[in-house]
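Architecture and fold: a report
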Amino acid sequence: MQTKDFIELEEKYGAHNYNPLDVVIEKGKGVWLYDVEGNKYLDCLAAYSAVNQGHCHPRIINALKTQAERVTLTSRAFRNDQLPFLYKELYELTGYDMILPMNSGAEAVETALKAARKWGHKIKGIKADSGDIIACRNNFAGRTITTISFSTEEQYKDGFGPFTKGFKVIPFGDTEALEKVINKDTIAFLVEPIQGEGGVIIPPEGYLKKCFDICKRNKVLFITDEIQTGLGRTGKLFAHQYDNIKPDMVIIGKALSGGCYPVSAVLSSKEILGVFNPGDHGSTFGGNPLGAAVARESLRVLIEENLIENSRISGEYFLNKLKEIKSRHIKEVRGRGLFIGIELFPEAGGARRFCKSLMQNRILCKETHDNVIRIAPPLVITKAEIDEAFPKIKEVLLMD
Ligand SMILES: *Cc1c(COP(=O)(O)O)cnc(C)c1O
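This is a predicted model, so every value here is computed, not measured.

Moving on, we get to the environment of Ile7. Its location among the elements puts Ile7 in helix 1 (residues 3-13). Residues Ile7 and Pro20, 13 residues apart in the sequence, show an inter-C-alpha distance of 9.8 Å. Other than its neighbours up to four places away in sequence, Ile7 contacts Asp22 and Val24.

Grouped together as the largest cluster of nonpolar side chains are 61 residues, with contacts concentrated most on Leu322, Ile373 and Ile375. Taken together, domain 1 (3-56 + 306-397) and domain 2 (58-304) each give at least three residues to this core, which thus spans both. In contact with Ile375, not counting residues within four places along its chain, are Cys44, Phe318, Leu322, Leu338, Phe339, Ile340, Ile342, Cys365 and Ile393. Leu100, Ala108, Ala141 and Ile187 belong to the second-largest nonpolar core, a separate cluster that totals 28 residues.

With respect to the helices and strands, Ser49 occurs in helix 2 (residues 46-49). A relative accessible area of 1% places Ser49 in the buried class. Contacts of Ser49, omitting those with residues within four sequence positions, involve Gln228, Arg233, Lys254, Ala255, Phe339 and Ala376.

The first and last C-alpha atoms of helix 5 (residues 105-124) sit 26 Å apart over 20 residues, in line with the 28 Å expected at 1.5 Å per residue. Where helix 5 is concerned, the buried positions are Gly105, Ala106, Ala108, Val109, Thr111, Ala112, Leu113, Ala115, Ala116, Trp119, Gly120 and Lys124. Remark: Gly125 follows helix 5 within two positions and exhibits a positive phi of approximately 90 degrees.

With that settled, consider unusual backbone geometry. With omega at 0 degrees, the peptide bond leading from Gly161 into Pro162 counts as cis. Mapped onto the fold, Pro162 is located in the loop between helix 7 (154-157) and strand 6 (167-170). The backbone phi angle of Val200 is positive, close to 50 degrees, even though this residue is not glycine. With respect to the element layout, Val200 can be found in the loop between strand 7 (186-191) and helix 9 (207-217). Unusually for a residue other than glycine, His369 sits at a positive phi of about 50 degrees. Turning to its location among the elements, His369 is positioned in the loop between strand 14 (366-368) and strand 15 (372-375). Judged by relative accessible area, which is 33%, His369 ranks as partly exposed.

Our next topic: the pattern of salt bridges. Considering all chains together, one arrives at 22 salt bridges under this definition. Between Asp387 and Lys321 there is a salt bridge whose closest N-O contact spans 3.4 Å. One end of the pair, Asp387, is in helix 14 (residues 383-397); the other, Lys321, is in helix 12 (residues 307-323), and 66 residues separate them in sequence. On the accessibility criterion, Asp387 (31% relative accessible area) is partly exposed.

The next subject is the domain arrangement of the protein chain. Under the domain assignment, the protein chain is made up of domain 1 (3-56 + 306-397) and domain 2 (58-304). Spacing between the C-alpha centres of domain 1 and domain 2 amounts to 26 Å. Across the boundary between the two partners, domain 1 contributes 31 residues, which contact 33 residues of domain 2. When domain 1 packs against domain 2, close to 2,600 Å² is buried across both sides, 57% of that on carbon and sulfur atoms. Summed over the three residues of domain 1 that lose the most area to domain 2, namely Ile308, Arg336 and Phe339, the buried surface amounts to 29% of that side. At the boundary of domain 1 with domain 2, the tally comes to one salt bridge. At the boundary of domain 1 and domain 2, one finds 19 residue pairs in polar contact (both at pLDDT 80 or more). Those elements giving two or more residues to the side of domain 1 that touches domain 2 turn out to be helix 2, helix 12, strand 11 (330-336), strand 12 (339-344) and strand 15.

Parameters and conventions
Residues numbered from 1 in each chain as written. Predicted model: local features only at pLDDT ≥ 70, side-chain atom pairs only at ≥ 80, totals over all residues. Heavy atoms only, no water. Helix = DSSP H or I, 4+ residues; strand = E, 2+ residues; numbered from the N terminus. Contact = heavy atoms within 4.5 Å. Core = buried A, V, L, I, M, F, W, Y, C linked by side-chain atoms within 4.5 Å. Buried < 20%, exposed > 50% of the residue type's maximum accessible area, 1.4 Å probe, protein only. Domains from an automatic or database assignment. Expected span 1.5 Å × (residues − 1). Salt bridge = Lys/Arg side-chain N within 4 Å of Asp/Glu carboxyl O. Buried area = accessible area lost by both parts, 1.4 Å probe. Polar contact = N/O pair within 3.5 Å; in protein donor to acceptor, adjacent residues only side chain to side chain.

What follows is the structure in structure tokens.
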């Protein structure tokens, strides 16, 4: 079978809820992906930052295999011997002393929202079935009905109503809007430190710290969605650390398993996650021993291979090179660590055609929000690999 045959089969039987580039991947190693014809590509998406540790990292694959041969799933009806260590190691890494494991990112966001609401009702004293959670315009929190309920993306919502109530949406980067919208019934403020799906949007300097202070003054929970920005992507363990704050809740996913298995988690305190009692919330696969073993090794790889530091240093190097490209299509190049967005002018004809040309040049990128090319390779990328990729990217950005 060749590329076109795989595509034909997929289009015939699969739901058409994605529009992938026409490349069929067969294997991956580190920053490299190989298609069914044996062509080699540099991965500059890293599965939306889930593969920060690089494709098929030998240590993570080994942890997966070893645990798969022991026990994979117990459900939380019984305990397993991996989850307690994941809790302890996450606590030691992050300082959060209560943790709730889930699978996908959207489920972890839902979990954080449920915890926040219950905290609002049981501890803050907001009347049952009322109270608001504040989110930002242009956010991304997943694709469940609740997480799209506060989306401002027309297509994400079209046809899927009615939606979950209890959300208010304010502009991203605007602290005055937050101050204004808060009242005695405000439960929480949910924010991405850098909006990823929104187009790698970096808020003004000090934004998170100001929002954090406003929330503290008003007894409003401050929650960061670090599913994409966390675990080294921006050059720190968490992107909110650039503002020297400790959010009440942090949501992680994606790279928590190095892309080997769906594992997500809510990190918080006993005061907040302590609102859950047995039977209040759960998931059959959440906290399973296979996922826990994979997550433990993924975190160790992140730390022991200095991937956070490499993200900061290589990210700055890559960003500075990209900024030097003089193309009439480029409106702005911005980024933090290896989380980089190249925003094109609307007249450039959309980022998609550039991503197609990059694919011809053996670089895999995905457009986000019509006009932004996101550059977010696995954090194991070397300076030499950046130097090899750079002329190919430059060539595409200089095309007509
Ligand atoms: C990817 C993402 C999610 C959703 O994660 P899934 O695993 O796709 O459900 C939520 N929030 C942010 C910021 C994300 O980037």
